[in-house]
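As a plain string of letters, each chain reads:
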Amino acid sequence: MIPGKYRSVSGRAANNVNCGLHLVIQTSSLPEKSKVEFKLNKETPSFSGRLLQHDLERNYSSRQGDHIHLASSSMPSFPILQRSSEEKILYSDRLTLERQKLTVCPIIDGEEHLRLLNFQHNFITRIQNISNLQRLIFLDLYDNQIEEISGLSTLRSLRVLLLGKNRIKRISNLENLKSLDVLDLHGNQITKIENVSHLCDLRVLNLARNLLSHVDNLSGLDSLTELNLRHNQITFVRDVDNLPCLQRLFLSFNNISTFESVCCLADSSSLSDITFDGNPIAQESWYKHTILQNMMQLRQLDMKRVTEEERRIASVVAKKEEEKKRESHKQSLLKEKKRLTINNVARKWDLQQNRIPNIAPNQDRKVSDSPQDPSQLHGSTVSAFPEETGSLDSGLNNTLQGLSVTDTHLVEVDGDTLSLYGSGALESLDRNWSVQTAGMVTTVSFTFIEFDEIVQVLPKLKIKFPNSLHLKFKETNLVMLQQFNALAQLRRVDQLTIDPQGNPVVNFTLWKYYVLFRLSHFSMQKINGTEVTQNDMIMAERLFGILAHVASSELPQYRLISILGDVRKKQFRYLLETKGKKPGLVNEENSDSKRLVGENTNRATLNYTTRDFYNERLEEIKEKKKFCKMYMEDLVKEATEINMKNEALQKLWPQMFIELVRDAVIEIRNKNSYMKLCLQQITDQK
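Residue numbers restart at each chain and count upward from 1, following the sequence in its written direction. Predicted model: local features are reported for residues with pLDDT of at least 70 only, side-chain atom pairs are reported and counted for 80 or more only, and whole-chain, interface and lining totals are derived from all residues. Excluding hydrogens and water, the side-chain figures rest on all heavy atoms present in the structure.

By the naming in an unreviewed UniProt entry, the chain goes by Leucine-rich repeat-containing protein 49 and is assigned to Mustela putorius furo. As its UniProt record puts it under Subcellular location (unreviewed entry), the chain is described as follows: "Cytoplasm, Cytoskeleton, Microtubule organizing center, Centrosome, Centriolar satellite". UniProt positions are given in the numbering used here, feature names are shortened, and annotations may be inferred rather than shown by experiment. Annotation of the chain in UniProt includes, under Subunit (unreviewed entry), the sentence "Part of the neuronal tubulin polyglutamylase complex which contains TPGS1, TPGS2, TTLL1, LRRC49 and NICN1. Interacts with PCM1; TTLL1, TPGS1, TPGS2 and LRRC49."

A.B. asks: An account of the overall build of the chain is needed here, citing residue identities and associated values.
C.D. replies: Helix numbering and strand numbering both begin at the N terminus, where a helix is a DSSP run of H or I of at least 4 residues and a strand a DSSP run of E of at least 2. Each helix and strand in the chain was counted, giving 15 helices and 26 strands. The proportion of buried residues among the 686 residues of the chain is 42%. By sequence separation, contacts in the chain at least 24 residues apart represent 50% of the contacts at least 6 residues apart. Roughly 37,800 Å² of accessible area belongs to the chain as shown, and the carbon and sulfur atoms make up 51% of that amount. For every residue, the accessible area obtained with a 1.4 Å probe (protein chains only) is divided by the maximum for its type, and the residue is called buried under 20%, exposed over 50%, and partly exposed between those limits. Pairs of residues are marked as contacts when any of their non-hydrogen atoms sit within 4.5 Å. In these tables, accessible area is a Shrake-Rupley quantity obtained with a 1.4 Å probe, and a residue counts as shielded only by the protein chains included in the view.

A.B. asks: Break down the packing of helix α4 (residues 287-294) against helix α5 (residues 308-352) for me, with residues and values.
C.D. replies: When two helices pack together, you describe them by how their axes are tilted relative to each other and by the distance separating the axes. For helices, the fitted axis covers only the stretch in contact; all axes are lines through C-alpha atoms, and the angles between them, taken along N-to-C directions, range from 0 to 180 degrees. Interaxial distance between α4 and α5 falls to 8 Å at its minimum, and their mutual angle equals 100 degrees. By the criterion of interaxial angle, the relationship of α4 to α5 is roughly perpendicular. Contacts between α4 and α5 involve Lys 288, His 289, Leu 292 and Gln 293 from the first element and Glu 310, Ile 313, Ala 314, Ser 315, Val 317 and Ala 318 from the second. Polar here means any residue outside two lists: the nonpolar Ala, Val, Leu, Ile, Met, Phe, Trp, Tyr, Cys and Pro, and the charged Asp, Glu, Lys and Arg; Gly therefore counts as polar. Considered class by class, the residues forming the contact of α4 with α5 number 5 nonpolar, 3 polar and 2 charged. By definition in this entry, angles of less than 35 degrees are roughly parallel, angles greater than 145 are roughly antiparallel, angles of 65 to 115 are roughly perpendicular, and the rest are oblique.

A.B. asks: I'd like a description of the pattern of salt bridges, backed by residues and values.
C.D. replies: Throughout this description, the term salt bridge denotes a Lys or Arg side-chain nitrogen within 4 Å of a carboxyl oxygen of Asp or Glu. In this structure the tally under the stated criterion is 13 salt bridges. Close ionic contact of Asp 93 with Arg 94 constitutes a salt bridge, the shortest N to O distance being 2.8 Å. On the basis of relative accessibility, which here comes to 17%, the residue Asp 93 falls in the buried class. Relative accessible area serves as the criterion here: at 0%, Arg 94 is assigned to the buried category. Across the salt bridge formed by Asp 181 and Arg 203, the nearest N and O atoms sit 2.8 Å from each other. Of the two residues, Asp 181 sits in the loop between β9 (160-162) and β10 (182-184) while Arg 203 sits in the loop between β10 and β11 (204-206), which places them 22 residues apart along the sequence. Residue class for Asp 181 comes out buried when judged on its relative accessible area of 1%.

A.B. asks: Tell me what's going on with the UniProt feature "coiled-coil region" (unreviewed entry) in the chain, and back it up with residues and numbers.
C.D. replies: Here, UniProt's "coiled-coil region" (unreviewed entry) annotation points to residues 306-339. Here residues 306-339 is 94% helix and 0% strand, with 46 Å between the C-alpha atoms at its ends.

A.B. asks: Go over the packing of aromatic side chains with me, naming the residues and quoting the values.
C.D. replies: Between the rings of Phe, Tyr and Trp (Trp by its six-membered ring), a pair exists once the centres lie within 6.5 Å; its type follows the angle of the planes, with under 30 degrees stacked, over 60 edge-to-face, and the other angles tilted. Under the counting rule described, the total for this entry stands at 10 aromatic pairs. Note on Phe 484 and Trp 511: the rings are 5.9 Å apart at their centroids and 20 degrees apart in plane angle, and the pair reads as stacked. A residue pair is termed long-range when its members are at least 10 positions apart, and Phe 484 in the loop between β23 (470-474) and β24 (495-498) and Trp 511 in helix α9 (residues 511-518) qualify at 27 residues. The exposure class of Trp 511 is buried, given its relative accessible area of 4%. Both rings, one in Tyr 514 and one in Phe 544, keep their centres 5.1 Å apart while their planes meet at 80 degrees; by these two values the pair is edge-to-face. Residue Tyr 514 is located in helix α9, and its partner Phe 544 is located in helix α10 (residues 534-554); the two are separated by 30 residues in the primary sequence.

A.B. asks: Account for the nonpolar core, naming residues and giving values.
C.D. replies: Judged by nonpolar contacts, the single largest core of 68 residues is most densely connected at Phe 119, Leu 139, Leu 161, Val 237, Leu 249, Leu 265 and Phe 276. Take this core: its biggest share by element is 3 residues, from α4. Within the second largest apolar cluster, 48 residues are counted, among which are Leu 418, Val 457, Leu 471 and Phe 517. Remark: nonpolar core denotes a set of buried residues (Ala, Val, Leu, Ile, Met, Phe, Trp, Tyr, Cys) joined through side-chain atoms within 4.5 Å.

A.B. asks: Quick one: what's the story with unusual backbone geometry, residue by residue and with numbers?
C.D. replies: Positioned with a positive phi, His 231 is a non-glycine residue whose angle comes to about 55 degrees. Positionally, His 231 belongs in the loop between β13 (226-228) and β14 (236-237). A positive phi angle, close to 70 degrees, is found at Asp 239, a residue other than glycine. Along the polypeptide, Asp 239 turns up in the loop between β14 and β15 (248-250).

A.B. asks: Can you explain α9? Please cite residues and give values.
C.D. replies: Counting buried positions over the 8 residues of α9 gives 6, a clear majority of the element. Burial in α9 covers these residues: Trp 511, Tyr 514, Val 515, Leu 516, Phe 517 and Arg 518.

A.B. asks: Give me the lowdown on a nonpolar patch on the surface, citing residues and values where you can.
C.D. replies: Patch members must show over 30% relative accessible area and no salt bridge, and they are joined within 9 Å when carrying like charges or within 5 Å when they are nonpolar side chains of Val, Leu, Ile, Met, Phe, Trp or Tyr. On the surface, Leu 649, Leu 652, Trp 653, Met 656, Phe 657, Leu 660, Val 661 and Val 665 cluster together into a nonpolar patch covering about 760 Å² of accessible area. Position of Val 661 among the secondary structure elements: in helix α14 (residues 611-667).

A.B. asks: Run through the side chain of Thr 437, naming residues and quoting values.
C.D. replies: The topology assignment puts Thr 437 in helix α7 (residues 435-440). For the purposes of these results, a polar contact is taken to be a pair of N or O atoms within 3.5 Å, where, inside protein, one atom must be able to donate a hydrogen and its partner to accept one; residues adjacent in sequence count only when each atom of the pair is a side-chain atom. At 2.8 Å, the side chain of Thr 437 forms a polar contact with the side chain of Ser 434.

A.B. asks: Break down the pairing of strand β22 (residues 443-447) for me, with residues and values.
C.D. replies: Of all 5 residues making up β22, 5 are buried, and the element is well covered by its neighbours. Side chains Thr 443, Ser 445 and Thr 447 project from β22 onto one buried face, and the interleaved Val 444 and Phe 446 project onto a second face that is buried too. Considered for its hand, the β-α-β crossover made up of strand β21 (residues 417-421), α7 and β22 is right-handed. Strand pairing follows a simple DSSP-based rule, namely that at least 2 bridges must link the two strands. In this structure, β22 lies alongside β23, joined through 5 bridges in parallel fashion. Crossovers are marked right-handed if the path from the first strand over the helix to the second runs clockwise, as seen with the strands pointing away from the viewer.

A.B. asks: Can you tell me about the sheet that holds strand β16 (residues 273-275), naming the residues and giving the values?
C.D. replies: Taken together, 11 strands build an open sheet; the order of strands is β5-β7-β8-β9-β10-β11-β13-β15-β16-β17-β18 and the sheet is mixed. Of all strands in the sheet, those bounded by a partner on one side alone are β5 (94-96) and β18 (304-305).

A.B. asks: Requested: an account of the environment of Arg 115, with residues and values cited.
C.D. replies: With respect to the secondary-structure elements, Arg 115 resides in the loop between β6 (107-108) and β7 (116-118). Residue class for Arg 115 comes out partly exposed when judged on its relative accessible area of 33%. In sequence terms Arg 115 and Phe 138 are 23 residues apart; their C-alpha atoms lie 6.1 Å from each other.

A.B. asks: Can you lay out the environment of Thr 640 for me, pointing to particular residues and giving the numbers?
C.D. replies: Here Thr 640 shows up in helix α14. Given a relative accessible area of 40%, Thr 640 falls into the partly exposed group. A distance of 2.6 Å separates a polar side-chain atom of Thr 640 from the backbone oxygen of Val 636.

A.B. asks: I'd like to hear about a negative patch on the surface, residue by residue, with values.
C.D. replies: On the surface, a cluster of negative charge is contributed by Glu 633, Asp 634, Glu 638 and Glu 641. With respect to the secondary-structure elements, Asp 634 resides in helix α14. Counted charges follow a simple rule, with Lys and Arg positive, Asp and Glu negative, and His plus the chain ends left uncounted. In this description, the location of a charge corresponds to atom NZ of lysine, CZ of arginine, CG of aspartate or CD of glutamate.

A.B. asks: An account of the state of the cysteines is requested, with residue identities and associated values reported.
C.D. replies: Note on terminology: pairs of cysteine sulfur atoms within 2.5 Å are recorded as disulfides. Summed over the entire model, instances satisfying the criterion amount to 0 disulfides. Take Cys 263: it sits in no disulfide, and the sulfur closest to it among the cysteines is that of Cys 264, at 6.1 Å. Looking at Cys 264, the relative accessible area reads 10%, which means it is buried.

A.B. asks: Mind laying out the pairing of strand β20 (residues 410-414), listing which residues take part and the relevant values?
C.D. replies: For β20, a buried count of 4 out of 5 residues is recorded, marking the element as mostly surrounded by other parts of the structure. Where β20 lies against β21, 5 bridges are found, and the strand directions are antiparallel. Residue pairing across strands places Asp 414 opposite Thr 417, the latter belonging to β21. Linking β20 back to β21 in an antiparallel pair, the connection comprises 2 residues, with Gly 415 at a positive phi of about 70 degrees.

This is the structure we're talking about:
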């Protein structure tokens, strides 16, 4: 093609939306004779913007304008087209009526051989008066005011239909145009793709600058090679993977924000050129890598050639993104199961506290869906859920299906915090925690667990998690100050958080001071997030110091020793041994030590016995009482029998004594006979 010898009849449309439609007029070198050639190019153009070429002369439209006469017809409002016989002979197969200020299509008689008809840049509102042009191949109605596609049912030979920049709102009445090769509907008001499935020979479809919000209903367009959807409002794309010949797809300047909304494009084996520029998705960091990874057949992306290096980088980045996505998806599932489990634990707790009616009896049943071993996830989160196995999809689906509404306890390690939900979670303290995980835990949170049950595992907590410094209690039934005494057995507590929810003890005005007094050996730093001051410690001592003194003074020594631990017993004995010595014999330092030891010992008498332990002790005491009672009854019975025998002996003894004396006198009355008898008995014994 020679520069300077072409002008575009539909140039404005091409410039505005780059629709790729060109009507080219070629000037002949001979001024007197004009050679006209009309050609429909079915081959793929050399560049994406050129779809169709028509070789006509440059002065074609001007010469036609000189010889065309529009006469008034007998029919109202329809002019009649009249051309000279020379014009008909010279341009028998084409007619250009652009920029004629037409408001209707004129009546065209005697032009049955027309193959090209151009009505560009007029004011036509309806397609009519062309049904007799049954040989028409090319119809250009660009830049008019047409609101409906109509009047084309007899044009069965039509190959190119240009209706860009009109007012069309719906694709319709194309049923008989089965030979259509190019359909240009850009710049209209179309909201839906429809009624095109029968156009099996259509190669080019231009729907740029319309009001489309989605792409579908493309089945049947088996010959479509180019689809232009620029400047719409498209959010998702479907059915494009069913177009076997589609090579170029232009989706620039729409509202596509995720790859999932256009994922069907990855299944297209013929697509080689695509554009997404001007969409939200093109602003994402993963955009290019994801597109290239999922659409390996692409040769151009956003009008730029795709290199092998870009494909390699895209593959690496896409794998990393996929791993990140897997992890994110997995964490979302874990969070969801955590939420469900905590809800179930809360419901069970409410049932136990008689707060709600028991509408789900099976929820009181424990299930073993909790983890068998604590596991760490990237060093930040350890959740009490089974690990997924197998592929991503099957694993995630199985996990989703396994979100049971009957899980009744949860163990979670998040950073340095160990969270226990439900009484069943206390069993986790018996597991073999790794040294790294156990050493990392500094905060232990108890939720929906009876405080009396927590007391029983405090010795294990001290051993398993030696660095725990912060205890949190929420919904644990802390109802009296005495319960805080149980915390004294821990190794160390720097912070204590008692949530008002489910812990009525915080309604007591002096509860914080009691905690500071009873746990003074921990030198606590914060209670419920508030710093502990020296004045707080002094006030605690003033309020409760006398209480500890009275408690230790009134207890018998044996009872006091039974309450204290081994270390405290030694301290207490030390106090007893030094008690009564003259003050001068003990230096001032030892006096301070004794005072401190005495204070700690006094506090140690303020202990707490859980209800279960108290009940066990009651049962034990009952058993002991029963045993003692039986033992005493046996002793009394035996003593009674002995006394009765003694009384009987006292009554029989006088007579027995008389009989003994009588028998003795009788035996020794004959001395010789008695001696012989005795000797005989001695002999027999030998």
